[in-house]
Amino acid sequence: MKHLLKLMDWSEKEITDVLNLADQLKYEKKNGIKHHILKGKTLGMIFEKSSTRTRVSFEVGMYDLGGSALFLSSRDLQIGRGEPVEDTARVLSRYLDGIMIRTFAQEEVEKLAECGSIPIINGLTDYCHPCQVLADLMTIREHKGVIKGNKLCYIGDGNNMTNSLIVGGIKMGMTVSAACPKGYEPDAEIMKWASETGRFTCTDDVLEAAKDADVLCTDVWASMGQEAEAEARKQIFRGYQINADVMAVAKSDAMVLHCLPAHREEEITAEVFEAHADEIFDEAENRLHAQKAVLVKCLS
Ligand code: CP
Ligand code: NVA
């Protein structure tokens, strides 16, 4: 049984296979070609945090593939009232063909996979966001022709996005640099693993990290669940922004990615955001195609 709990669990070949299938599914959707590969299958989508892209792209993705999706808010599920995830996993495994879950602790996703008997897909935890980074890799390949050999630079909070970008970027042969304030670096084990490849650096110097970058990425300064810290973080992260100064030291044809939602004039200026809107909204669109490929790989 195939899960997508984190990108670290997937090989370069598995990631490449999913990206190739995603390209094919995108082409077919644009040309009105339908394959109901998941006919009769049902995906449960558990959300313990808000979502626009993940919810809609998974629901439309299941519909496109001939299956159906159930939106399960933790506000309404018994899990929100303390029913153990172990029991929830065993019950839902008897109704559904797969579960996509967005929650706080990575351990909850891992426990769901351990206790249930159906494929589990991570739709974001505090630790990682693998579905987003598959869409990001797809978008990089679309715009740059290849993934391998490009330099990806992430500027901002060392959060779930950073962790997955490092793992995905390194696995696919990129050089990755991160610029994060001291104390807000990505996961220590991921940094250690990435550093051993000789293709990863982390600094608190934004311009040093961005130098000669082919792909610039950023994300919000305060993630979901960190709302109480948002004001303090505005001070801590000031300057950790993709702006004209950063674009000036990156390669002249550098692309910009943002998983969205974006806070203009915080992690990215409105000027850079709009100049790279085509790339950013291709990235958002590619959530649909990349996830359909993940659904085929995990559920069929
Ligand atoms: N990028 C992303 O995961 O968006 P949502 O939070 O809207 O799902
Ligand atoms: N780091 C952000 C990503 C949102 C898609 C968060 O966790 O809120």
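Just so you know, these numbers come straight off a predicted model, no measurement behind them.

Chemist: Got a minute to help me understand the site of ligand 1 in this structure?
Modeler: Taken together, S51, T52, R53, T54, R102, H129, Q132, C259, L260 and R287 are the residues near ligand 1. Here a nitrogen atom of ligand 1 and a backbone polar atom of C259 are 2.9 Å apart. Between a nitrogen atom of ligand 1 and a main-chain N or O atom of L260, the distance comes to 3.0 Å. If ligand 1 stood free it would expose 260 Å²; the protein chains cover 95% of that surface. For the shell around ligand 1, the class distribution of residues is two nonpolar, five polar and three charged.

Chemist: I keep staring at the packing of aromatic side chains and nothing clicks. Help me out?
Modeler: Centre-to-centre distance and the angle between the planes together describe a pair of aromatic rings. This model, assessed by the stated rule, comprises five aromatic pairs. Taking 6.2 Å as the distance between ring centres and 20° as the angle between the ring planes, the aromatic pair formed by W221 and F237 counts as stacked. Of this pair, W221 sits in the loop between β8 (215-218) and α9 (230-236) while F237 sits in the loop between α9 and α10 (244-249), and the two are 16 residues apart along the sequence. With respect to class, W221 is no different from F237; both count as buried. Ring geometry for F237 and Y240: centres 6.5 Å apart, planes at 85°, overall edge-to-face. Given a relative accessible area of 0%, F237 falls into the buried group. Clustering of aromatic rings is evident, with ring pairs tying together Y184, W221, F237 and Y240.

Chemist: Help me understand the environment of D253, please; the structure alone is not making it clear to me.
Modeler: Following the sequence through the fold, D253 ends up in the loop between α10 and β9 (255-258). Note: C-alpha distance between D253 and D212 (41 residues apart in sequence) is 9.9 Å. Residues contacting D253, with those up to four places away along its chain left out, are K144 and D214.

Definitions and limits used
Residues numbered from 1 in each chain as written. Chains lettered and ligands numbered in written order. Predicted model: local features only at pLDDT ≥ 70, side-chain atom pairs only at ≥ 80, totals over all residues. Heavy atoms only, no water. Near = heavy atom within 4 Å. Polar contact = N/O pair within 3.5 Å; in protein donor to acceptor, adjacent residues only side chain to side chain. Areas by Shrake-Rupley, 256 points an atom, 1.4 Å probe, with all protein chains shown as cover. Nonpolar A, V, L, I, M, F, W, Y, C, P; charged D, E, K, R; others polar. Phe/Tyr/Trp six-rings, centres within 6.5 Å; stacked < 30°, edge-to-face > 60°. Helix = DSSP H or I, 4+ residues; strand = E, 2+ residues; numbered from the N terminus. Buried < 20%, exposed > 50% of the residue type's maximum accessible area, 1.4 Å probe, protein only. Contact = heavy atoms within 4.5 Å.

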